[in-house]
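# Survey of secondary and tertiary structure
As a plain string of letters, each chain reads:
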Amino acid sequence: MTEHGATSPGSAYAAAGVDIEAGDRAVELMKAWVAKASRPEVVGGIGGFAGLFDASVLTSYTRPLLATSTDGVGTKVAIAAAMDRHDTIGHDLVGMVVDDLVVCGAEPLFMTDYIACGRVVPERIAAIVKGIAEGCLLAGCALIGGETAEHPGLLGPDEYDVAGAGTGVVEADRLLGAERVREGDVLVAMAASGLHSNGYSLVRHVLLERAGWALDRVVEELGRRLGDELLEPTRIYSRDCLALLEGPAGVGVHAFSHITGGGLANNLARVLPAHLGATVERASWSPAPIFGLVGRVGGVPQADLEATLNMGVGMIVVVAPEDADRAVRLLVERGVPAWVAGTVGRAGGQHAVASGRSTVPAGGQVVLVGDHPVSP
């Protein structure tokens, strides 16, 4: 993390609303967590102008390809601010970044973060960074740098936003993508932990603005307060995805699809060649209650829910048919609920007439067919 410079409380900068001493306290509070989110290749510590990573680790690769990704968590930060709970939003940030990296088969190596706020509250900033560090630990990557910027006049005193960037590496001949996908491949779905970090503009509009529900409202079908459900951290899949690829237990993975903004069909289409299509069977899983709640309370059609939310699937792995059962078994053993959710076939035919088609023109067609099981 980049440290703020020192100045006196009575300085002109302080008079403009920037509390540099608060920034220094925030750095002190976050140091322990940043130190935990490390790897042997990290050089130096907190406080420098740039994070350093020993790239000699790449010499073990024949042709290493660096992968990079950047993301934020969207309007989920508004829920964290309203609940005054800030230790999970960083976890979401890591999930959004590293699980985009692993889609191409890359191992996440390190991340940097950026926090913009209207006012530095040291304990709040430290809680955000704690969540980022914990997410990095789960992902197996290092947190090697970041920045906290105070923007009085642009953001309200209790407003903030977070963003992050990550770098990973993959051997060139192990790069995953649409060119590996074959007719007859099987789709294995990995369960989402909840809404993850997408579609919160819709969810907030439906439940908080239109329905007027309070975040501390206990919702019977959720079994907890609404705010706690909306802050459920994003599941991080990177190590589980890499486990599918590595060692004697590895399976014939052809592609991954991280199900984020745009829903399952749109994201899956991005990893399919144009001449192939995928059929996803809704009957293979029951979405968590939060998804049906948004649809019912807001009168949101199923097609709109599926085009916005993950509907209970956070990651799809496209595998050779003979490896599908082994992939499911390995994931379940690692604590990730997983199941066979569909297949890949030639574009056209039933894909041309089924509902829920992807609107991404660059990829193959994806359709969702059937109905989800009715909850008892």
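Keep in mind that this is a model prediction, so the values were computed, not measured. (Residues numbered from 1 in each chain as written. Predicted model: local features only at pLDDT ≥ 70, side-chain atom pairs only at ≥ 80, totals over all residues. Heavy atoms only, no water.)

## Here's the deal with the overall build of the protein chain
For clarity, the cut-off: Each helix is a run of H or I in the DSSP string that is no shorter than four residues. Each strand is a run of E no shorter than two, and both are numbered from the N terminus. To sort residues, take the accessible area from a 1.4 Å probe on protein chains only and compare it with the maximum for the residue type: under 20% means buried, over 50% means exposed, and anything in between is partly exposed. Pairs of residues are marked as contacts when any of their non-hydrogen atoms sit within 4.5 Å. With residues, only the protein chains shown are counted as cover, and all accessible areas are computed by Shrake-Rupley using a 1.4 Å probe.
Summing up its helical and strand segments, the protein chain has 12 helices and 14 strands in all. Classification of the 376 residues of the protein chain by burial places 53% in the buried group. For the protein chain, the proportion of contacts with a sequence separation of at least 24, taken over those separated by at least 6, is 83%. As presented, the protein chain carries roughly 15,700 Å² of accessible surface, and 54% of it is formed by carbon and sulfur atoms.

## What to know about the environment of S60
Quick reminder of the rule: Within 3.5 Å is the distance limit for a polar contact, defined as a pair of N or O atoms, with the added protein rule that one can donate a hydrogen and the other accept it, and that residues adjacent in sequence qualify only through two side-chain atoms.
Checked against the element boundaries, S60 lands in the loop between β2 (52–53) and β3 (64–72). Given the relative accessible area of 61%, S60 is considered exposed. At a separation of 2.9 Å, a polar atom in the side chain of S60 contacts the main-chain carbonyl oxygen of V57.

## Focus on the side chain of H86
Among the structural elements, H86 can be located in the loop between α3 (76–83) and α4 (89–101). Within the structure, the side chain of H86 is placed 2.9 Å from the side chain of D84, a separation counted as a polar contact. Apart from the residues within four sequence positions on either side, H86 is in contact with A80, A81, R124, A127, I128 and Y160.

## Description of the sheet that holds strand β7 (residues 186–191)
Our working definition: Pairing between strands is defined by DSSP: at least two bridges between them are needed. Note on definitions: angles span 0 to 180 degrees between N-to-C directions of axes, and those axes are lines fitted to C-alpha atoms, for helices only across the stretch in contact.
Here we have 6 strands laid out as an open sheet, ordered β10-β12-β7-β13-β11-β14, and mixed in their pairing. With partners counted over all chains shown, the strands left at the sheet margins are β10 (253–258) and β14 (365–369), one partner each. With strand direction ignored, the average angle separating the axes of adjacent strands in the sheet is 25°. Alignment of strand β11 (residues 276–281) against strand β13 (residues 338–346), held across 5 bridges, turns out to be antiparallel.

## What about the pairing of β7?
β7 sits mainly inside the fold: 6 of its 6 residues count as buried. Across 6 bridges, the pairing between β7 and strand β12 (residues 313–319) is antiparallel. Directly across from A189, in β12, lies its bridge partner I316. In this structure, β7 lies alongside β13, joined through 5 bridges in antiparallel fashion. Opposite V186, over in β13, you have T343 as the bridge partner.

## Observations regarding the packing of aromatic side chains
Using the following cut-off: Stacked, tilted and edge-to-face pairs are distinguished by plane angle, under 30 degrees for stacked and over 60 for edge-to-face with tilted covering the rest, among Phe, Tyr and Trp rings (Trp via its six-membered ring) whose centres lie within 6.5 Å. Our definition puts a charge over a ring when NZ of Lys or CZ of Arg is within 6 Å of the ring centre and also within 35 degrees of the ring normal.
Considering all chains together, one arrives at 2 aromatic pairs under this definition. Note on F53 and F110: the rings are 5.0 Å apart at their centroids and 45° apart in plane angle, and the pair reads as tilted. You can see F53 sitting in strand β2 and its partner F110 sitting in strand β4 (residues 107–117), a full 57 residues away along the chain. F110 shares its class with F53; the two are buried. Geometry around W213 places R217 over its ring, the cationic atom sitting 4.0 Å from the centre.

## Section: unusual backbone geometry
For residues besides glycine, phi is generally negative; the peptide bonds are generally trans as well. Backbone geometry places D84, a non-glycine residue, at a positive phi of 55°. Although it is not a glycine, H196 adopts a positive phi angle of roughly 60°.

## Quick look at the pattern of salt bridges
Worth spelling out the cut-off: We define a salt bridge as a contact between a side-chain nitrogen of Lys or Arg and a carboxyl oxygen of Asp or Glu at a distance within 4 Å.
Applying the stated criterion to the full structure yields 15 salt bridges. The partner of D92 in a salt bridge is K76, with the nearest N and O atoms 2.9 Å apart. With D92 in helix α4 and K76 in helix α3, this residue pair connects regions lying 16 residues apart in the sequence. Judged by its relative accessible area of 0%, K76 falls in the buried class. A salt bridge links R282 to E306; the nearest nitrogen and oxygen atoms lie 2.7 Å apart. Of this pair, R282 sits in the loop between β11 and α10 (289–298) while E306 sits in helix α11 (residues 302–306); the two residues are 24 residues apart in sequence, bridging distant segments of the chain. Exposure class is identical for R282 and E306. Each is buried.

## Looking at the nonpolar core
Applied cut-off: Here, the term nonpolar core denotes a set of buried Ala, Val, Leu, Ile, Met, Phe, Trp, Tyr and Cys residues that are joined through side-chain atoms within 4.5 Å.
V188, M190, L244, V253, F256, L268 and V319 are the most contacted members of the largest nonpolar core, which has 50 residues in total. Setting aside chain neighbours within four positions, we find V253 in contact with L176, L244, L245, V317, V318 and V319. Counting residues in hydrophobic clusters, the runner-up holds 48 residues, among them I115, A139, Y200 and F291.

## What to know about the sheet that holds β4
Pairing within the open sheet is mixed, and its 4 strands lie in the order β3-β6-β4-β5. On the outer flanks of this sheet lie β3 and β5 (142–150), each paired with one strand and no other. Strand after strand, the sheet turns through a mean of 15° between neighbouring axes, direction not considered. Note: β4 against β5, 8 bridges, orientation parallel. Bridging across to β5, M111 finds its partner in L143. Sitting on the sheet, α4 is in contact with β3, β4 and β6 (160–171), with an inclination near 145° to β3.

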